[in-house]
Amino acid sequence: MAGEIRSLLVLGGARSGKSRYAQGLAEQSGKRRVLIATAEAGDTEMAKRIALHQAARGAEWRTLEAPLALAEALIAVAAAETIVLVDCLTLWLTNLMLAGRDAAAESQRLAALIPALAGPAIFVSNEVGAGIVPDNRLAREFRDAQGRLNQSVAAACEGVVFVAAGLPLTLKPGQHIAPKL
């Protein structure tokens, strides 16, 4: 992975190029590649999206489905000779909330696990807080939970990249300039 960074969060909006960017980094690593997929094909449109992602990855990828048990899947496959790509945290959070699980506790558990992983990992997640305030309680709760999840994973990862229009912007590590007041 890029430099010596062992854990990376790749953020972006829908169709920003974040998954393609993360996949490219994993493929450049020269390591065995494992995708932990969190999506479930609940309808034909989602099944088509999943099939397109699978075709884009190719046969050199091992896929492990973990719509809920992400921490367990990471522990099972993380290894020095393997790079793990988790795509994506947003669907994982959705699955947790729909299953009535404690999303805050699961998010903290994931963040605590990241520095201890036995090998490198890339996490893909949506930035959902830049739009309008949702008009219903569930959507606002999701947006807030996603923001907290992204913050905790960003803090736990050694690197964070934001992708917009297919272009990556490195957020961490980076030079942070405090404003002079």
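Undergrad: In this structure, what is going on with the environment of A37? I would like to understand it.
TA: Of note, A37 is situated in strand β2 (residues 32-37). For A37, a relative accessible area of 15% corresponds to the buried category. When the C-alpha atoms of A37 and L85 are compared, they prove to be 8.3 Å apart, with 48 residues separating the residues in sequence. Discounting chain neighbours no more than four positions away, the residues touching A37 are T63, L64, E65, A66, P67 and D87.

Undergrad: What am I meant to see in the sheet that holds strand β6 (residues 159-164) here?
TA: Two pairing modes exist for strands in a sheet, parallel and antiparallel, and in both the strands are linked by backbone hydrogen bonds. The strand order across the open sheet formed by 7 strands is β3-β2-β4-β5-β1-β6-β7, and the pairing between neighbours is mixed. In this open sheet, the two strands that pair with only one neighbour each are β3 (61-65) and β7 (167-172). When strand polarity is set aside, the average angle formed by the axes of neighbouring strands in this sheet is 20°. Where strand β1 (residues 7-12) meets strand β5 (residues 121-126), 6 bridges bridge the pair, whose relative direction is parallel. The residue bridging L11 from the neighbouring strand is S125, located in β5.

Undergrad: Please clarify how the pairing of β5 should be interpreted in this entry.
TA: Two faces, one strand: in a regular strand the side chains alternate between the faces of the sheet. Most of β5 is tucked away, with 6 of its 6 residues classed as buried. Burial along β5 is two-sided: A121, F123 and S125 and I122, V124 and N126, pointing in opposite directions, are all buried.

Undergrad: I'm lost on the pattern of salt bridges in this one. Help?
TA: Oppositely charged side chains are able to pair whenever their charged atoms sit close together. Taken as a whole and assessed by the stated rule, the structure comprises 8 salt bridges. As a salt-bridge pair, E141 and R137 come within 2.9 Å of each other at their nearest N and O atoms. Here E141 pairs with R137, and both are found in helix α6 (residues 137-156), just 4 residues apart, close to one helical turn. For E141, a relative accessible area of 34% translates into the label partly exposed. Classification of R137 as exposed rests on a relative accessible area of 61%. Residues joined in a network through salt bridges with shared partners are E72, R101, E106 and R109.

Undergrad: Which parts of the structure should I look at to understand helix α5 (residues 103-113)?
TA: Quick reminder: α-helices carry 3.6 residues per turn. Residues three or four places apart thus point the same way. Every buried residue belonging to α5 is among A103, E106, S107, L110, A111 and L113, and all of these are buried. In a view along the axis of α5, the buried residues occupy a sector of 160°, so they form one face of it. Seen from the open side of α5, the exposed residues pointing more than 90 degrees away from its buried face are A104 and A112. Buried positions along α5 lie against α3 (70-77), α4 (89-98), β5 and α6.

Undergrad: How do you make sense of the nonpolar core when you look at a structure like this?
TA: Within soluble globular proteins, side chains that are nonpolar tend to cluster in buried spots. Residues L9, I36, L74, L89, L110, F123 and V153 are the most contacted members of the largest nonpolar core, which totals 33 residues. Looking at this core, the elements that each hand over two or more residues are β1, β2, α3, β4 (82-87), α4, α5, β5 and α6. Looking at which element gives the most residues to this core, the answer is α6, with 6 residues. The residues touching L74, leaving out its near neighbours within four places in the chain, are I36, V84, V86, L110, L113, L117 and F123.

How each quantity is defined
- Residues numbered from 1 in each chain as written.
- Predicted model: local features only at pLDDT ≥ 70, side-chain atom pairs only at ≥ 80, totals over all residues.
- Heavy atoms only, no water.
- Helix = DSSP H or I, 4+ residues; strand = E, 2+ residues; numbered from the N terminus.
- Buried < 20%, exposed > 50% of the residue type's maximum accessible area, 1.4 Å probe, protein only.
- Contact = heavy atoms within 4.5 Å.
- Pairing = 2+ DSSP bridges.
- Axes fitted to C-alpha atoms, helices over the stretch in contact; angles between N-to-C directions.
- Salt bridge = Lys/Arg side-chain N within 4 Å of Asp/Glu carboxyl O.
- Arc of directions from axis to C-beta.
- Core = buried A, V, L, I, M, F, W, Y, C linked by side-chain atoms within 4.5 Å.

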